[in-house]
Amino acid sequence: MQLRQSPVADRDVRSVVILGATGSIGRSTAEIIAGAGGAFRVEAIAGGRDPQALARLARELGAKFAALADPRGYAELKEALAGTSIEPAAGEEAVVAAALRPSDIVMGAIAGTAGVKPTFAALSAGRTVALANKECLVCAGAPFMHQAAASGTRLLPVDSEHNAIFQSMGEASLDTIEMITLTASGGPFWTWPSEAIAKATPKQALAHPNWSMGPKISVDSAGLMNKGLEVIEAHYLFGIEAARLDVIVHAQSVVHGLVAFTDGSVTAGLAAPDMKVPIAYCLSFPKRSATAARRLDLTTVGRLTFERPDFDRFPALRVAIAALRTGGGLPTVLNAANEIAVEAFLKRLISFYEIAQMVEQACNTALADGVAHEPESVADALAMDQAVRERSRFVLARQAASRARVQ
Ligand code: NDP
Ligand code: MG
């Protein structure tokens, strides 16, 4: 599609930092920037473990600074950037340094809890953050929202449901909102019986019907844990309690979120299932910019369907909503245990349903031990996160040992 673009005056050029630049959201962000006719300038990018991919992207985008989380990749990154003016750096602190480079907006698109520290650093420095990394809010929702208020900055939701809800809410005050609804595609297993889901392989879980995403969120989506994480994300982001947050399954992924008001009106956010739409919205906020993102043609879609989620076949959603309703530090516990369980599933150490079982067990253990207080700070949340990870790894190792004994 050809886009009409007028030249951008220097003072209107937005400088951007992309955290998680080599991932699915990061690459879509880079594509939008590359197609925006000079409306954006990339100050810094950060990635995890792939120095070559990071260097390639840094060159393409003309970034000034490229940070790799894995310090072992420094020499390779430096070599790949030789002859350019792009500054290479590596290690956890380098990713935080990237987040703190001067910019108008920081795209927080690191996968998992690894994103918490750098994204929080950007927020604390007063940067506007476009937040894709929902784990930040599930792990440390209260500290993030307090910091955003204290810094007087905005967290703009990139997650498609939250973006649609954000746009649908407008300036409405919370007391005029009756219900916020997030839609879920249902993922690859929505039509499967539980016996088949129980035997699902990582390959099957990664084959999402509507979205192309990184491995962690793809597995989360297959079990509807992703929707549970998103309900928690919405709770913190919009400051609304669990009772006014609903989930419905909508297989076409066209209506992403709905807001029902106390006068009976309902507004909804629709778009083709293409993450470039919410990414572009956040990058240009409060303005809008033209993109080549997929367009929605409702007559081609034809039918839109809506169903209640099935908590029996998708227990992860039930576990996540229960964690939010119980409150305190349970969302932090849930998030940490889920990351370890998803990792174990991807390595074929546990079955699909054992993900939700492990997470539920971690929540119950934390409650029984009385250690699930609401984190007061990011450091507090990360300490709780670490303790849950260690315990979950221990449970996995014990399970593996007892399985080995049986065989
Ligand atoms: P990917 O797995 O595709 O990408 C993750 C990115 O983070 C990669 O660039 C990865 O680098 C980088 N990374 C990993 N660890 C670190 C670290 N310690 N420091 C810096 N960078 C790191 O994930 P997605 O793009 O799919 O998802 C990113 C986030 O956005 C997740 O929180 C997800 O839930 C959320 N999200 C994603 C959506 C999607 O459509 N993909 C939709 C809505 C939300 P490397 O590959 O080298 O390890
Ligand atoms: Mg989403």
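Up top is the structure.
Notes on the structure in this doc start here. This structure is a prediction, so every number in the text was calculated from the model and none was measured.

**Here's the deal with the overall build of the chain**
Here is step 1 of the chain: If you tally the helices and strands in the chain, you get 17 helices and eleven strands.
Here is step 2 of the chain: For the chain, whose C-alpha radius of gyration is 21 Å, the value lies close to the compact-globule estimate of 22 Å for 407 residues.
Here is step 3 of the chain: Each of the three principal axes of the chain carries a C-alpha extent, and together these read 65 × 55 × 40 Å.
Here is step 4 of the chain: Looking at the chain as a whole, 56% of its 407 residues qualify as buried.
Here is step 5 of the chain: For the chain, restricting intrachain contacts to residue pairs at least 6 apart in sequence, the fraction spanning at least 24 positions comes to 68%.
Here is step 6 of the chain: Accessible surface for the chain amounts to roughly 18,000 Å². Of this, 53% is attributable to carbon and sulfur atoms.
Here is step 7 of the chain: Averaging the locations of the 39 positively and 41 negatively charged side chains of the chain gives two centres separated by 5 Å.

**Some remarks on the pairing of strand 1 (residues 14–19)**
Here is step 1 of the chain: Counting buried positions over the six residues of strand 1 gives five, a clear majority of the element.
Here is step 2 of the chain: Pairing geometry for strand 1 and strand 2 (residues 40–47), over six bridges, is parallel. If you follow Val-17 over to strand 2, its bridge partner there is Ala-44.
Here is step 3 of the chain: Viewed along the sheet, the connection from strand 1 through helix 1 (residues 24–34) into strand 2 turns out right-handed.
Here is step 4 of the chain: Pairing of strand 1 with strand 5 (residues 105–108) involves four bridges; the strand directions are parallel. Across the sheet, Ile-18 pairs through a bridge with Met-107, a residue of strand 5.

**Some points on the side chain of Glu-230**
Here is step 1 of the chain: Examined against the element boundaries, Glu-230 turns out to sit in helix 11 (residues 225–238).
Here is step 2 of the chain: Looking at Glu-230, its side chain comes within polar contact range of the side chain of Lys-227, at 2.6 Å.
Here is step 3 of the chain: Once residues within four sequence positions are removed from consideration, Glu-230 is found in contact with Lys-134, Asp-159, Glu-161, His-162 and Leu-182.

**Structural notes on the coordination of the magnesium ion (ligand 2)**
Here is step 1 of the chain: Protein-derived coordination of the magnesium ion (ligand 2) comes from Asp-159 (OD), Glu-161 (OE) and Glu-230 (OE), at a distance range of 2.1 to 2.2 Å.
Here is step 2 of the chain: Look at Glu-230 and you get buried, because its relative accessible area is 1%.

**Description of the site of ligand 1**
Here is step 1 of the chain: The full set close to ligand 1 counts 26 residues, and Thr-22, Gly-23, Arg-49, Glu-135 and Gly-214 are the nearest of them.
Here is step 2 of the chain: Take Gly-47: an N or O atom from its main chain is 3.4 Å from a nitrogen atom of ligand 1.
Here is step 3 of the chain: Interatomic distance of 2.6 Å between a side-chain N/O atom of Glu-135 and an oxygen atom of ligand 1.
Here is step 4 of the chain: Within the complex, 86% of the 900 Å² of free accessible area of ligand 1 lies under protein.
Here is step 5 of the chain: Taken together, the residues of the shell around ligand 1 sort by class into 13 nonpolar, eight polar and five charged.

**Some details on the sheet that holds strand 11 (residues 266–270)**
Pairing between the strands of a sheet comes from backbone hydrogen bonds, and it takes one of two forms, parallel or antiparallel.
Here is step 1 of the chain: What the four strands build is an open sheet, ordered 9-8-10-11; its pairing is mixed. Each of the sheet's edge strands pairs with one partner strand only, and the pair in question is strand 9 (245–249) and strand 11. Each neighbouring strand pair of the sheet contributes to a mean axis angle of 20°, computed without reference to strand direction.
Here is step 2 of the chain: In terms of strand pairing, strand 8 (residues 177–184) meets strand 10 (residues 255–261) through five bridges, oriented antiparallel. What sits directly across from Thr-181, in strand 10, is Leu-258.
Here is step 3 of the chain: Taken strand by strand, helix 7 (residues 160–169) contacts strand 8, strand 10 and strand 11, and its axis lies near 35° from that of strand 10.

**Details of unusual backbone geometry**
Here is step 1 of the chain: A cis amide bond links Phe-285 to the next residue, Pro-286, at an omega of 5°.
Here is step 2 of the chain: Of note, Leu-224 is a non-glycine position whose phi angle comes to about 65°, a positive value.
Here is step 3 of the chain: Positionally, Leu-224 belongs in the loop between helix 10 (215–222) and helix 11.
Here is step 4 of the chain: With relative accessibility at 2%, the residue Leu-224 sits in the buried group.
Here is step 5 of the chain: Although it is not a glycine, Ser-253 sits at a positive phi angle of roughly 50°.
Here is step 6 of the chain: On the secondary structure map, Ser-253 appears in the loop between strand 9 and strand 10.

**Quick word on the packing of aromatic side chains**
Here is step 1 of the chain: Counting across every chain of the model gives nine aromatic pairs.
Here is step 2 of the chain: The rings of Phe-189, Trp-192, Phe-345, Phe-352 and Tyr-353 are connected pair by pair, giving a single aromatic cluster.
Here is step 3 of the chain: Over the aromatic face of Trp-190 sits the side chain of Arg-313, whose NZ or CZ is 5.2 Å from the ring centroid.

**So, the pairing of strand 9**
Here is step 1 of the chain: Of all five residues that make up strand 9, five are buried, and the element is covered over most of its length.
Here is step 2 of the chain: In this structure, strand 8 lies alongside strand 9, joined through five bridges in parallel fashion. Across the sheet, Ala-184 pairs through a bridge with Val-249, a residue of strand 9.

Rules used in this analysis
- Residues numbered from 1 in each chain as written.
- Chains lettered and ligands numbered in written order.
- Predicted model: local features only at pLDDT ≥ 70, side-chain atom pairs only at ≥ 80, totals over all residues.
- Heavy atoms only, no water.
- Helix = DSSP H or I, 4+ residues; strand = E, 2+ residues; numbered from the N terminus.
- Rg over C-alpha atoms; globule rule 2.2 N^0.38 Å.
- Buried < 20%, exposed > 50% of the residue type's maximum accessible area, 1.4 Å probe, protein only.
- Contact = heavy atoms within 4.5 Å.
- Areas by Shrake-Rupley, 256 points an atom, 1.4 Å probe, with all protein chains shown as cover.
- Lys, Arg positive; Asp, Glu negative; His and termini not counted.
- Charge placed at Lys NZ, Arg CZ, Asp CG, Glu CD.
- Pairing = 2+ DSSP bridges.
- Right-handed = clockwise from strand over helix to strand, strands pointing away.
- Polar contact = N/O pair within 3.5 Å; in protein donor to acceptor, adjacent residues only side chain to side chain.
- Donors = N, O, S within 2.8 Å, 3.2 Å for Na, K, Ca; no water.
- Near = heavy atom within 4 Å.
- Nonpolar A, V, L, I, M, F, W, Y, C, P; charged D, E, K, R; others polar.
- Axes fitted to C-alpha atoms, helices over the stretch in contact; angles between N-to-C directions.
- Phe/Tyr/Trp six-rings, centres within 6.5 Å; stacked < 30°, edge-to-face > 60°.
- Lys NZ or Arg CZ within 6 Å of the ring centre and 35° of its normal.

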